[in-house]
Amino acid sequence: MRVPAADAERAVAEGAALLGTGCREGAAPDGAALLDFWVPAGDADGPGLEARLRGAGIDARVTAHAQDEGWRDAMHAFHRPVAVAGRLLVRPPWEGPRPGLLDIEIDPGMAFGTAQHATTRSCLELLAGLAPGGSLLDVGCGSGILAIAARRLGFDPVWAVDADPLAVDATLANARRNRVGLRVARRAIGADRLPAADVVLANLTATVLGDVAAALPGPPPRRLVASGMRPEETDGVAARFAPLGLAPSREVVADGWATVLLEQG
């Protein structure tokens with residue numbers, strides 16, 4: 001995928017949401033951003049993806065190519081271990097754990113969510129600062145990274161739900177890889193009932209976060225971490241959760257993205 005550099009972050013988020021997979025980012029000689037997404041051959045609909053991105057206002061040119069060994073080498077170079085809040089380490093399978101940090105091993109080729117993106121890192125940072133205990137729901141779980149981190153931090157039970165079957169499969173595989181117990185299910189926001197939980201994590205988009213606010217069952221969560229929005233969108237998102245008694249208590253802004261912790265007043 002080739003997009004203007006100014007649209008790279010949004011293209012990564014939109015592409016990952018549409019394809020349910022991780023991304024490698026590079027740059028063309030003229031400064032444009034080059035984004036590579038891995039998808040099964042049968043799902044490589046370049047024209048369809050390009051049309052959807054252009055419909056979202058992103059000037060994208062999309063082509064499909066067969067995977068080669070260069071992709072594997074680039075994935076190894078791009079996906080490096082990420083330490084968060086002095087408590088968590090997110091790493092790919094080819095890197096080892098570090099003493100003193102709770103270990104999370106994620107296969108970056110399976111689904112979106114490897115802590116390389118600012119929204120994932122910020123969610124992990126706010127999650128690591130919460131007092132552990134009680135139930136937790138990860139809405140739009142992607143690779144399962146946030147749900148696995150929650151189990152490592154002491155939350156139980158932990159639900160992980162996503163509308164994409166590839167994300168559900170990736171979360172199950174990563175849960176087995178990390179030897180943690182998760183309750184994983186395929187759920188579509190607004191169509192299927194979501195589990196009730198003390199804490200909710202939602203790394204989505206501003207529009208979908210509004211859908212989550214309307215879809216959460218009672219009783220409402222005590223705390224909710226919302227991410228995937230631009231800083232100018234946070235007030236609107238917070239307003240959608242206000243009827244549930246949730247109000248912003250902390251915000252993290254990184255790389256042009258905002259993540260907000262909302263708590264019961």
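Residues numbered from 1 in each chain as written. Predicted model: local features only at pLDDT ≥ 70, side-chain atom pairs only at ≥ 80, totals over all residues. Heavy atoms only, no water.

Enquirer: How would you summarise the side chain of Thr 234 if you had to cite specific residues and measurements?
Expert: Along the polypeptide, Thr 234 turns up in helix α8 (residues 234-241). Relative accessible area serves as the criterion here: at 9%, Thr 234 is assigned to the buried category. Residue contacts for Thr 234: discarding those within four places in its chain leaves Met 229, Glu 251, Ala 258 and Val 260. (Helix = DSSP H or I, 4+ residues; strand = E, 2+ residues; numbered from the N terminus. Buried < 20%, exposed > 50% of the residue type's maximum accessible area, 1.4 Å probe, protein only. Contact = heavy atoms within 4.5 Å.)

Enquirer: Describe in detail the side chain of Asp 7, supporting the description with residues and values.
Expert: Tracing the chain through its elements places Asp 7 in the loop between β1 (2-3) and α1 (8-19). Look at Asp 7 and you get buried, because its relative accessible area is 17%. Ignoring sequence-local partners within four residues, the contact set of Asp 7 consists of Gly 57, Ile 58 and Asp 59.

Enquirer: Could you give an account of the pattern of salt bridges, with specific residues and numbers?
Expert: Within this structure, the stated rule accounts for 10 salt bridges. Residues Glu 125 and Arg 250 are paired through a salt bridge, measuring 2.9 Å at the closest nitrogen-oxygen approach. Here Glu 125 is found in helix α4 (residues 118-128), whereas its partner Arg 250 is found in strand β12 (residues 246-254), with 125 residues between them in sequence. Exposure remark for Glu 125: the relative accessible area of 29% places this residue in the partly exposed category. For Asp 156, the salt bridge is made with Arg 151, and the minimal N-O distance between the two is 3.9 Å. (Salt bridge = Lys/Arg side-chain N within 4 Å of Asp/Glu carboxyl O.)

Enquirer: Explain the sheet that holds strand β7 (residues 136-139) residue by residue, including any values.
Expert: Read from one edge to the other, the open sheet built from 7 strands follows the order β9-β8-β7-β10-β11-β13-β12, with strand pairing classed as mixed. Strands with a single pairing partner mark the edges of an open sheet, and in this sheet they are β9 (183-186) and β12. On average, each strand axis in the sheet is tilted by 15 degrees relative to the strand beside it, whichever way the strands run. In this structure, strand β10 (residues 199-203) lies alongside strand β11 (residues 223-229), joined through 5 bridges in parallel fashion. Bridge pairing in β11 places Ala 202 opposite Ala 226. Across the sheet, helix α7 (residues 206-215) touches β7, β10 and β11, and the angle it forms with β11 is around 155 degrees. Each of β11, β12 and β13 (257-264) touches α8; the most contacted strand, β13, lies at about 25 degrees to it. (Pairing = 2+ DSSP bridges. Axes fitted to C-alpha atoms, helices over the stretch in contact; angles between N-to-C directions.)

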